[in-house]
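# A closer look at the structure
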Amino acid sequence: ENHKRGHVDYSDATAGVYYTQFLNDENSLTYELGYDLLRLDWEKNPRFKQKNFNYLIGSLGLVSTTLERWRWVLNAGFSVDAAYFDFAKSAVGHAMLWGRYHFADCCGVNIGVLGWYGVLNGRAWPIIGFDWKFNEQWSANAVYPCDFSLNYAFADNWSVDLAYACFGSPYRYPHRAH
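Heads up: these notes are all about the structure in this document. For clarity, every value in this text was computed on a predicted model and none was experimentally measured.

## Observations concerning the overall build of the protein
Of the regular secondary structure elements, the protein holds one helix and 10 strands. Going from the N terminus to the C terminus, the protein shows its helices and strands as β-β-β-β-α-β-β-β-β-β-β. In the protein, which comprises 178 residues, the share counted as buried stands at 33%. Restricting the contact set of the protein to residue pairs at least 6 apart, pairs at least 24 apart contribute 41%.

Pasting the structure below:
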């Protein structure tokens, strides 16, 4: 019972390469290949000896604005233990269907579903929320569980965000592809 009380050190780092292929003015494909390092040090738990976990991550996404006033994101991917590459024992697959309806020039409504399955369990969540553009520089997103952020654009292609994440990295929750 003593292992239930103890200090846990946690750190996580992800690096990846993303490529977007524009099919036409309304559709694009997004490719991702990356690496994730998770460090979980829990010395007081005798059943938990491993400290470093390495994952290979990959995904393929489609972004489409073909339907008037809608942007749809369809994404599917995986993460797998990079030390063994045993998809049967360590792979987690994920998928997401996320639609944004352009309600007005200043705001949009977001709906969809996302989930993952692997290593004998899985989950699915609804995507629901809104985004609001206050002016040319400031915007906010409140989209559960994907995007809670306040954004400031200080140039045409540059911005900073203050964001909150509900879920962790790709072994628990997929990256966004939009």
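Next comes the rest of the write-up.
## Focus: the side chain of Ser 59
Checked against the element boundaries, Ser 59 lands in strand 3 (residues 52–64). A polar atom in the side chain of Ser 59 sits 2.8 Å from the side chain of Glu 32. Setting aside chain neighbours within four positions, we find Ser 59 in contact with Thr 30, Tyr 31, Glu 32, Asn 75, Ala 76, Gly 77 and His 94.

## Overview of the sheet that holds strand 2 (residues 27–41)
Strand order in this open sheet of 10 strands is 1-2-3-4-5-6-7-8-9-10, and the pairing throughout is antiparallel. Of all the strands in the sheet, just strand 1 (9–22) and strand 10 (158–164) have a single pairing partner and so form its edges. With strand direction ignored, the average angle separating the axes of adjacent strands in the sheet is 20 degrees.

## What to know about the packing of aromatic side chains
Enumeration over the complete set of coordinates arrives at six aromatic pairs. Counting every residue linked through ring pairs, the aromatic cluster contains Trp 70, Trp 72 and Tyr 101.

## Side note on the environment of Asn 45
Mapped onto the elements, Asn 45 comes out in the loop between strand 2 and strand 3. For Asn 45, a relative accessible area of 6% corresponds to the buried category. As a C-alpha pair, Asn 45 and Val 8 span 37 residues in sequence and 9.6 Å in three-dimensional space.

## Some points on the nonpolar core
Counting 11 residues, the largest nonpolar core is built from Val 63, Val 73, Val 92, Met 96, Trp 98, Leu 114, Trp 116, Trp 125, Ile 127, Val 143 and Cys 146. For this core, the elements supplying multiple residues, two or more each, are strand 5 (92–104), strand 6 (107–118) and strand 7 (121–133). Take this core: its biggest share by element is three residues, from strand 5.

## Here we look at the pattern of salt bridges
The final tally for this structure, using the stated rule, is two salt bridges. Of the charged contacts, one joins Asp 131 and Arg 100 as a salt bridge, the two residues approaching to 2.7 Å between their closest N and O atoms. Placement of the pair is Asp 131 in strand 7 and Arg 100 in strand 5, with a sequence separation of 31 residues. We note that Asp 131, like Arg 100, is buried.

Cut-off values and rules
- Residues numbered from 1 in each chain as written.
- Predicted model: local features only at pLDDT ≥ 70, side-chain atom pairs only at ≥ 80, totals over all residues.
- Heavy atoms only, no water.
- Helix = DSSP H or I, 4+ residues; strand = E, 2+ residues; numbered from the N terminus.
- Buried < 20%, exposed > 50% of the residue type's maximum accessible area, 1.4 Å probe, protein only.
- Contact = heavy atoms within 4.5 Å.
- Polar contact = N/O pair within 3.5 Å; in protein donor to acceptor, adjacent residues only side chain to side chain.
- Pairing = 2+ DSSP bridges.
- Axes fitted to C-alpha atoms, helices over the stretch in contact; angles between N-to-C directions.
- Phe/Tyr/Trp six-rings, centres within 6.5 Å; stacked < 30°, edge-to-face > 60°.
- Core = buried A, V, L, I, M, F, W, Y, C linked by side-chain atoms within 4.5 Å.
- Salt bridge = Lys/Arg side-chain N within 4 Å of Asp/Glu carboxyl O.

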